[in-house]
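This is what each chain is made of:
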Amino acid sequence: MRKSTILSLSFFCLLFLSSSLLSSNSMDSTYSIISDKQEKGKFKPDRGNPLQRHSFFFDRNQDGTVYPWETYQGFRAIGAGVLLSTLGAIVINIGFSHSTRPGKFPSLLFPIELRNIVLAKHGSDTDVYDKKGRFIKNNFEDIFRNYARTNSDALTKSELREMRRANKEHKDYFGWVAAWFEWFFSYHLFKDERGLMKKDTVRGIFYETAFEEREEELKEKRNALAEKKAYV
């Protein structure tokens, strides 16, 4: 059996064992990115590094390391289903774990170390993040200048596809796949009722604020539904 197959099978076992321990109560009580724990010596993302802030949302216990079950929890917190959350954990942690752990032996737990998250930057992307994880405003604006033809402040599914194809680098197969997954997840989770990805939402994804807002929105809806059921 190939080594990659063994690693993948080990990951599947670990992921489903971990996710099976999650209950709806533990999901509701999971700390958001702004919590008391952050004030008690936990890992704090660099405010000048939006890529680190973006990734920190998935560090559910805020210790500076993102494990597959945390990625799964993060996706569930913003409304992704079980299958999509599982797929996200597989792709992200297997794809980016080793690059954030330079000089270390590959781990079957597939952790992502946030202090080195800039090392996970791949090709064939928008270059909105530079090599130091900083947000490049001009490159962000270029997305909408070049591809937002139907609406100047939003992108359709076909416009996102056109953008991805335009960003492809020659023989950068990993970058092609990574970019596809990133925009597939983003569009699926954050498109509006008209199927548009609004400019403010895309900016919020790059800065992680869109994740926080969606998590809080869903929590409020669950609480309202629970209160309604309590009075029935």
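Refer to the structure above for everything that follows.
Listed as buried for helix H9 (residues 199–207) are Lys199, Val202, Gly204, Ile205 and Phe206. Backbone geometry just after H9 places Glu208 at a positive phi near 75 degrees.

Side chains of Lys157, Arg161, Arg165, Lys168 and Lys191 sit close together on the surface and give a patch of like positive charge. With respect to the secondary-structure elements, Lys191 resides in the loop between helix H8 (173–190) and strand E4 (197–198).

Looking now at the nonpolar core. With 39 residues, the main nonpolar core has Leu155, Phe190, Met197 and Phe206 as its most contacted residues. Take this core: its biggest share by element is seven residues, from H8. Leu155 has contacts with Ile143, Phe144, Tyr147, Ala148, Leu160, Gly195, Leu196 and Met197, leaving out every residue within four places of it along the chain.

Of note, Asn93 is situated in helix H5 (residues 82–96). Note: C-alpha distance between Asn93 and Trp69 (24 residues apart in sequence) is 9.6 Å. Of note is the side chain of Asn93, whose polar atom sits 3.1 Å from the backbone oxygen of Val66. A distance of 2.8 Å separates a polar atom in the side chain of Asn93 from the backbone oxygen of Phe110.

With that settled, consider the side chain of His122. With respect to the helices, strands and loops of the structure, His122 is situated in the loop between strand E2 (112–113) and helix H6 (137–147). A distance of 2.8 Å separates the side chain of His122 from the side chain of Glu182, its partner in a polar contact. Non-local contacts of His122, meaning those with residues more than four positions away in its chain, are made with Phe96, Phe174, Gly175, Ala178, Ala179 and Glu182.

The next subject is unusual backbone geometry. One non-glycine residue, Phe110, adopts positive backbone phi at about 50 degrees. Looking at where Phe110 falls in the secondary structure, it is placed in the loop between H5 and E2.

Time to look at the packing of H6 against H9. H9 packs onto H6 with a crossing angle of 145 degrees between their chain directions and a minimal axis gap of 12 Å. Considering only the axes of H6 and H9, their crossing is right-handed. Contact with H6, carried on its side by Phe140, Glu141 and Phe144, involves Lys199, Val202, Arg203 and Phe206 of H9 and no other residues of that element. Looking at the contact of H6 with H9 residue by residue, the classes come out as four nonpolar, no polar and three charged.

So, how was this worked out
Sequence positions are assigned chain by chain, starting from 1 and proceeding in written order. Per-residue local features of the predicted model are confined to residues with pLDDT of at least 70, and side-chain atom pairs are confined, for both listing and counting, to 80 or more; whole-chain, interface and lining totals are unaffected and use all residues. To obtain the side-chain values, all non-hydrogen atoms of the structure were included, while hydrogens and water were left out. Accessibility here uses a 1.4 Å probe with only protein chains present; expressed as a share of the type maximum, an area under 20% marks a residue as buried, one over 50% as exposed, and anything in between as partly exposed. Numbering of helices and strands runs from the N terminus, with a helix taken as a DSSP run of H or I at least four residues long and a strand as a DSSP run of E at least two residues long. Patch membership requires over 30% relative accessible area and the absence of a salt bridge. Like charges are linked within 9 Å, and nonpolar side chains (Val, Leu, Ile, Met, Phe, Trp, Tyr) within 5 Å. Note that accessible areas follow from Shrake-Rupley with a 1.4 Å probe, and for residues the cover is restricted to the protein chains shown. One side-chain nitrogen of Lys or Arg within 4 Å of one carboxyl oxygen of Asp or Glu is enough to make a salt bridge. For the purpose of charge, His is not counted, nor are the chain termini; Lys and Arg are scored as positive and Asp and Glu as negative. Here the site of a charge means NZ on Lys, CZ on Arg, CG on Asp, or CD on Glu. Nonpolar core, defined: a set of buried Ala, Val, Leu, Ile, Met, Phe, Trp, Tyr and Cys residues in which side-chain atoms within 4.5 Å join the residues together. Residue contacts are defined here by distance: any two heavy atoms, one from each residue, within 4.5 Å place the two residues in contact. Side-chain atoms alone can form a polar contact between residues adjacent in sequence; in general such a contact is a pair of N or O atoms within 3.5 Å, and within protein one must be able to donate a hydrogen while the other accepts it. To obtain each axis, a line is fitted to C-alpha atoms, and for helices this fit is confined to the stretch in contact; angles are then taken between N-to-C directions over 0 to 180 degrees. Note: crossing handedness is left-handed where the near helix turns anticlockwise from the far helix by less than a right angle, and right-handed where it turns clockwise. Asp, Glu, Lys and Arg are counted as charged, while Ala, Val, Leu, Ile, Met, Phe, Trp, Tyr, Cys and Pro are counted as nonpolar; the rest, among them Gly, fall into the polar class.

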